[in-house]
Protein chains: 2
Amino acid sequence: MKLQTLKGFRDFLPQEARKRQFVIDALKKVFESYGFEPLETPALEYEEILLGKYGEEGDKLMYRFTDNGKRKVALRYDQTVPLARIVAQYQNALPSPFKRYQIQNVWRAENTQRGRYREFLQCDADIVGVSSSLADAETISLAAKGLEKLGFKKFTILVNDRLVFENVPKETIAIIDKLKKIGEKGVVKALKERGIPNPTSLLKTIISQKPTERLTNTLSCLSELGVQPLFNPALARGLDYYTGLIFEIEIEGYSAGSVCGGGRYDNLIGMFAKKQIPAVGFAFGFDRLMEAMEELNLFPKDITAPITKVLVTIFSPMLKDTSIEVTSIIRINGINTEIYLDENTSLEKQLKYADQKGIPYVIIIGENEAKEDKVTLRDMKTREQKTVPLKDLLNELI
Amino acid sequence: MKLQTLKGFRDFLPQEARKRQFVIDALKKVFESYGFEPLETPALEYEEILLGKYGEEGDKLMYRFTDNGKRKVALRYDQTVPLARIVAQYQNALPSPFKRYQIQNVWRAENTQRGRYREFLQCDADIVGVSSSLADAETISLAAKGLEKLGFKKFTILVNDRLVFENVPKETIAIIDKLKKIGEKGVVKALKERGIPNPTSLLKTIISQKPTERLTNTLSCLSELGVQPLFNPALARGLDYYTGLIFEIEIEGYSAGSVCGGGRYDNLIGMFAKKQIPAVGFAFGFDRLMEAMEELNLFPKDITAPITKVLVTIFSPMLKDTSIEVTSIIRINGINTEIYLDENTSLEKQLKYADQKGIPYVIIIGENEAKEDKVTLRDMKTREQKTVPLKDLLNELI
């Protein structure tokens, strides 16, 4: 048997898991500061809830199977369709507007490539039940605040209104979306190949448009909120369910793509409730965020440093109880502390363990120290050590 | 189409999701204070990694299927077998001992009943690679600290050593495990039915045993750590992989069963590494913990109170910008704040929204207030309101 994970699936060892948790915690805090509340839905749903909601491609990439009870089930593919189910199923129990965030894994049997996985965390925030431009502005402001909270200083928020594409053929949108990638010539060529008439002037008309009145209102609210997006009439976003605002955020110094995308989608959330329910929201690309944080060196020191601040060694089996006692005292004071778990190990080996784990401080309590209620504190970096009364230890550590 | 979740699967609406997060966060903090580090493994594994590791029953209850690439895959069934894979696969990258915690969902197609679900959170902490009694004691101490952190004041830690069952037939263990449920007579009857000779004296021998030398050492360490378990020679625990210490924790005032169980299992973690790797650990029953917290009323007020502390209303469309500005100022000061998202709504309706969500404070900025750089602050509970200069607002709120 080969010891391996499935292609596109990942283990997160402690260092990585802690960094992920840091980003999640920071975003949660920002979401809640705007009054967004957490929501969790199951990993498995009845297949019929999810099937046909993501186009042909989605149905193909979905993890589907028949369970032991002969039910057709599918793994969560995104968090928007489950949100639509929730909104229909609990209509009377939810406030309106319903502002929720959701941070859970989704599964897609994609072709794996750099930065694309089959199990990945989605990080969504949406406002359901209100159609105002102020709601659009709040959404963008929230995304910006999230990035600021993570430490990103320079990023560009590109905005547009899907209304600019109102009079152009639907298939044009996906092509214009590639403008940045393939340039004007590339777009014109692609439009021509699709048989779109007058592609040059069509493109020119689109990129010379001014913000719609609606978008102007949104931008005005955003200005009050201290956020200055960049209007880009060629911004299209691939998905075809958007009905108004669309936006993407790019981080300066990180070129792998936008880390956040969203917009208004007024015809989706009501699909199960069988009525129109306006909605606006966005998703952070969690893996890209992680990568950008790494590249721009934004993880704070205490997240990359070891969890354990102090290792209490055991000088000899006879002195074990003293070491346990000291461990307890340090822990009570809120300092992450390990005790070496084998009393029959040489002090040298115990120090080596601290070194390997990068634990910054080690405490040694020999016979003399024990007699005099003292401990020896060793700084593993400078290799300096000093003997202090037990009661002064905490001051030294804090 | 019926809007529903699968049997045994649950949605967690905001109120519930926040309570879950509170418990998770508290436990993480305690785990880390003992130097345990987080680990994440994928939801899906190659079937061969999991199959045959949980007995016949486990294979039957496992969610298994063939993916689009014809791979046989299975959903995570527990966190111990994945841990064994991790330990074998990354042996050289992990510290020894490896102290990890893991809080992820697992899936089991169990018969659903009160408190038993098909998707549920497991909450594990284990020490891998060391066989000392001090490690056993640290494990129990950690579990106790976790419960204390959550606010549980009275609980009983039952401990035993599997060694007491060394000379009795294996099938006896599961029967004796039911002593509390079916009484001595019931156990003797069940033993007799299984054809065990001299059941009465067998039971008497077991329940009159003293702690083993090993367990005495563990209890001595625990006493230094300030933890006093109760020795119970009849404690058996169902699973047959335990090799030494076993323990369970029961909470006073919560009768649905133990909320934590664990022990030493020295022959399991090495299954993929093909060598003996000692291990000790435990799992909290997350759903029972949640239930006990609820019954004993242990959730703190700020978790059951609304996330939003202040709603800034919009008095009229003309005054929208002022309200946005005030919202920004309050948020910068770390107070969770919503702005009402539709400027064309009557103030009455806006107040009703605050009432529905239980938001404690509402801010109203009419024309007079705006002119004088003031705001009116309304306490939604007492229905009292006062007009204060904007610069004094924060003092009022904090």
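See the structure shown above.
Side note on the sheet that holds strand E15 (residues 374-379) of chain B
Residues and elements named next belong to chain B.
Line of reasoning, step 1. Strands sit in the order E13-E12-E14-E15-E16 across an open sheet of five strands; the sheet is mixed. Here the strands that pair on one side only, and so sit at the sheet edges, are strand E13 (337-339) and strand E16 (385-389). Across the sheet, the mean angle from the axis of one strand to that of its neighbour is 25°, orientation sign disregarded.
Line of reasoning, step 2. As paired strands, E15 and E16 are joined by five bridges and run antiparallel to one another. In the strand pairing of E16, Thr376 is matched with Thr387.
Line of reasoning, step 3. Helix H15 (residues 390-397) contacts strand E12 (310-312), strand E14 (361-364), E15 and E16 of the sheet and is inclined by roughly 130° relative to E16.

Brief notes about the interface of chain A and chain B
Line of reasoning, step 1. Across the boundary between the two partners, chain A contributes 94 residues, which contact 93 residues of chain B.
Line of reasoning, step 2. Here chain A meets chain B over a buried area of about 8100 Å², counting both sides, of which 61% is carbon and sulfur.
Line of reasoning, step 3. On the surface where chain A and chain B come into contact, there are eight salt bridges.
Line of reasoning, step 4. A salt bridge links Arg331 of chain A to Glu138 of chain B, with the shortest nitrogen-to-oxygen separation between them at 2.9 Å.
Line of reasoning, step 5. Between chain A and chain B we count 24 residue pairs in polar contact (both at pLDDT 80 or more) in total.

Observations regarding the relation of the copies chain A and chain B
Line of reasoning, step 1. Aligned on chain B, chain A shows an RMSD of 0.1 Å; the corresponding rotation is 180° and the shift along the axis is 0.0 Å. Taken together, the turn and the small shift mark the pair as related by a two-fold rotation axis. Closest approach to the rotation axis within chain A is made by the C-alpha atom of Phe65 of chain A, at a distance of 3.2 Å.

Points about the pairing of strand E7 (residues 155-161) of chain A
Residues and elements named next belong to chain A.
Line of reasoning, step 1. The buried count for E7 comes to six of seven residues, which makes it a mostly enclosed element.
Line of reasoning, step 2. Relative to strand E9 (residues 245-251), E7 runs antiparallel, the two sharing seven bridges. Bridge pairing in E9 links Val159 to Phe247.
Line of reasoning, step 3. For E7 and strand E8 (residues 230-231), the ladder comprises two bridges, and the chain directions are parallel.

As for helix H15 (residues 390-397) of chain A
Residues and elements named next belong to chain A.
Line of reasoning, step 1. Along H15, the residues classified as buried are Leu393, Leu394 and Leu397. Seen end-on, H15 carries its buried residues on one side only, within an arc spanning 90°. Summarising the geometry of H15, the exposed residues directed more than 90 degrees from the buried face are Lys391 and Asn395.
Line of reasoning, step 2. On its buried face, H15 is in contact with strand E12 (310-312), helix H12 (320-332), strand E14 (361-364), strand E15 (374-379) and strand E16 (385-389).

Some details on the packing of helix H7 (residues 179-193) of chain A against helix H8 (residues 199-207) of chain A
Residues and elements named next belong to chain A.
Line of reasoning, step 1. With their axes 8 Å apart at the nearest point, H7 and H8 run at an angle of 140° to one another. Classified by the interaxial angle, the pair formed by H7 and H8 is oblique. Contacts between H7 and H8 involve Leu179, Glu184, Val187, Val188, Leu191 and Lys192 from the former and Pro199, Thr200, Leu202, Leu203 and Ile207 from the latter.
Line of reasoning, step 2. Considering only residue class, the contact of H7 with H8 consists of eight nonpolar, one polar and two charged.

What counts as what
- Residues numbered from 1 in each chain as written.
- Chains lettered and ligands numbered in written order.
- Predicted model: local features only at pLDDT ≥ 70, side-chain atom pairs only at ≥ 80, totals over all residues.
- Heavy atoms only, no water.
- Pairing = 2+ DSSP bridges.
- Helix = DSSP H or I, 4+ residues; strand = E, 2+ residues; numbered from the N terminus.
- Axes fitted to C-alpha atoms, helices over the stretch in contact; angles between N-to-C directions.
- Contact = heavy atoms within 4.5 Å.
- Buried area = accessible area lost by both parts, 1.4 Å probe.
- Salt bridge = Lys/Arg side-chain N within 4 Å of Asp/Glu carboxyl O.
- Polar contact = N/O pair within 3.5 Å; in protein donor to acceptor, adjacent residues only side chain to side chain.
- Least-squares fit on C-alpha atoms with pLDDT ≥ 70 in both.
- Buried < 20%, exposed > 50% of the residue type's maximum accessible area, 1.4 Å probe, protein only.
- Arc of directions from axis to C-beta.
- Parallel < 35°, antiparallel > 145°, perpendicular 65-115°, else oblique.
- Nonpolar A, V, L, I, M, F, W, Y, C, P; charged D, E, K, R; others polar.

Remember, this is a structural readout, not a statement about activity or role.
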